[in-house]
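So the chains spell out like this:
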Amino acid sequence: MKYISTRDTGHGVSGARAIIQGISPEGGLYVPEQFPFISSGELKMMMSQSYPERSAYILSKFLPELGEQLLDACEKAYSRFDGDAAPLVKLDDGLFILELWHGPTYAFKDIALTLLPSLLTLSKKAEGETSDTLVLVATSGDTGKAALEGFKDAPNTAVITLFPTGGVSNLQKLQMVTQEGENVLVASVNGNFDDAQTAVKNAFADGELKKYIEEKGWKFSSANSINFGRLAPQIAYYFSSYIDLMESGQIMAGEPVNFCVPTGNFGNILAAYYAKEMGLPIGKLICASNKNNVLSDFFEKGEYDADREFYKTASPSMDILISSNLERLIFEASGRDAAITKKRMDELKQTGSYSVTEKELAFLSQTFTAGWADEDEAKEALGGFFEEYGYVTDTHTAVALSVYSRYIAETEDATPTVIVSTASPYKFVGSVLTALGESVPDSDKKAIAKLEDVSAMPVPETLTALFSKKVLHSTVIEKDGLSDLVKKFADDMTAKKK
Ligand SMILES: *Cc1c(COP(=O)(O)O)cnc(C)c1O
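Residues numbered from 1 in each chain as written. Predicted model: local features only at pLDDT ≥ 70, side-chain atom pairs only at ≥ 80, totals over all residues. Heavy atoms only, no water.

Turning next to the environment of Cys 287. Checked against the element boundaries, Cys 287 lands in strand S11 (residues 282–289). Through-space distance from the C-alpha of Cys 287 to that of Cys 260 is 6.2 Å; in sequence the pair is 27 residues apart. Once residues within four sequence positions are removed from consideration, Cys 287 is found in contact with Val 261, Thr 263, Phe 266, Ile 269, Leu 295, Phe 299, Thr 369, Ala 370, Gly 371 and Val 403. (Helix = DSSP H or I, 4+ residues; strand = E, 2+ residues; numbered from the N terminus. Contact = heavy atoms within 4.5 Å.)

Another point: unusual backbone geometry. At Asp 153, a residue that is not glycine, the phi angle is positive and equals roughly 60°. Mapped onto the fold, Asp 153 is located in the loop between helix H7 (142–151) and strand S7 (157–164). In this model, Arg 336 sits at a positive phi of 60°, which is unusual for a non-glycine residue. With respect to the element layout, Arg 336 can be found in the loop between helix H14 (326–333) and helix H15 (338–351). Since its relative accessible area comes to 23%, Arg 336 is described here as partly exposed. (Buried < 20%, exposed > 50% of the residue type's maximum accessible area, 1.4 Å probe, protein only.)

For the rest of this paragraph, the subject is the sheet that holds strand S14 (residues 368–372). Taken in spatial order, the six strands of this open sheet run S4-S5-S15-S10-S11-S14, and their pairing is mixed. Each edge of the open sheet is held by one strand with a lone partner, namely strand S4 (88–92) and S14. In this sheet, neighbouring strand axes are inclined to one another by 25° on average, regardless of whether the strands run parallel or antiparallel. Direction of pairing for strand S10 (residues 257–262) relative to S11: parallel, over a ladder of five bridges. Paired with Phe 259 across the bridge in S11 is Leu 285. Running over the sheet, helix H17 (residues 375–389) touches S4, strand S5 (95–99) and S14 and is turned about 80° from S4. (Pairing = 2+ DSSP bridges. Axes fitted to C-alpha atoms, helices over the stretch in contact; angles between N-to-C directions.)

So, about the sheet that holds S7. Within the open sheet, the five strands sit side by side as S9-S6-S7-S8-S16. Their pairing is parallel. One side of each edge strand has no neighbouring strand; the edge strands of this open sheet are strand S9 (218–222) and strand S16 (475–477). Strand-to-strand twist in this sheet, taken as the mean axis angle between neighbours without regard to direction, amounts to 30°. Relative to strand S8 (residues 184–189), S7 is paired through six bridges, and the arrangement is parallel. Looking at the pairing, Phe 163 lines up with Ser 188 of S8. Its contacts with the sheet place helix H10 (residues 207–215) against strand S6 (132–138) and S9, and it is angled at close to 125° to S9.

Printed below as a string of structure tokens:
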């Protein structure tokens, strides 16, 4: 299977190469030349499989060159989860929650980032790539820690994580600045997430910087969801949850299911779209945005307009105005036209906006519907679901609860629906307590104990251990400071190797 770029369909590379590079040289994103198909017979067969087996099965369709070792890699990754990697909880008839936060950092990014280091190692082997890998990550809070945990002390790899100063929750910050490992660097950038992401994109495109690190034996890669190695593992849980519904008799084989996904960079919900393209019976994909509602506006009007005020919300991992992975969807909507996709992405960079045609919007509307929730609406939904079902979600998932409720009220759509839950409520404990109408104690530690009292949900053990950890990282850089930081880190890492 070949992978082509959304901005240049002429030069296909292997999946292994796409993972090693992260992004195509001309700035486009790698996509499979065609989507592999999973038949209804295969879905039935997968009913008897464990989550790692299902994941390896889906991945082998995209990355056949990685072979038998994919199963080992998936088993190793998901053994780091507390129990099942992607359990499905029933709230009501036809209403389910897919909990994707039982991994080492309590957010759904773990599903892909516990696996990505192995995918990268196997890809390098398959391609005979001998240089070491320097992973650059921009994070709105959750990706950074998940990447650090995934890559710490991984052989022939180093990782730099960049988060927006003041743009992440206390716990998210504490998780990152206490990160151990010989091959990790954590820094914050004075700006918001889009600034951090732009700094990383600019570093990848900086020929002089690339040359500097390559002379020392390093090559860049990306652990952001622009890397196809991040997306592929996310496709697996859509299949797995559908198969769980079949297995438990909640749906008949072939019956459509809706998914409602809290969205920021458009990676999670794009994986759902890919699952649909692969034959999974998906009805609607409900895209849920917070107050940074650039995506719900896009699905309504066909215009992507990032030139607007940026809000900090209680769902910081969705505080994003430039949703990188939307490029992959635009590419599909245009009939896989690289020239049009490139033109639109150039327009976005230059003017902050672009539009799709009415025909393309109609095409997208067949699958996607979208909505957004402001801070009060998300809080109300969180509190309301707790009252009704005794179930507490985090603040990101709460955005999806709100958008789902409005969608049902407006459409009366009776299709069984899975709401994708992206983080443990404990990770955003202060905002969750507020939404439940509780006062927030003056320390996160006490707040966690209080939420345990109120919700009766078990606290992950490693979360409380955080508070006694030493702060190991305090670097702060300006928006244009990444290049110098990378050079210094590459020098340090190279010195350590010797
Ligand atoms: C990253 C993240 C999101 C948004 O996911 P995208 O793939 O960027 O759309 C939502 N919720 C949480 C908790 C996250 O960490």
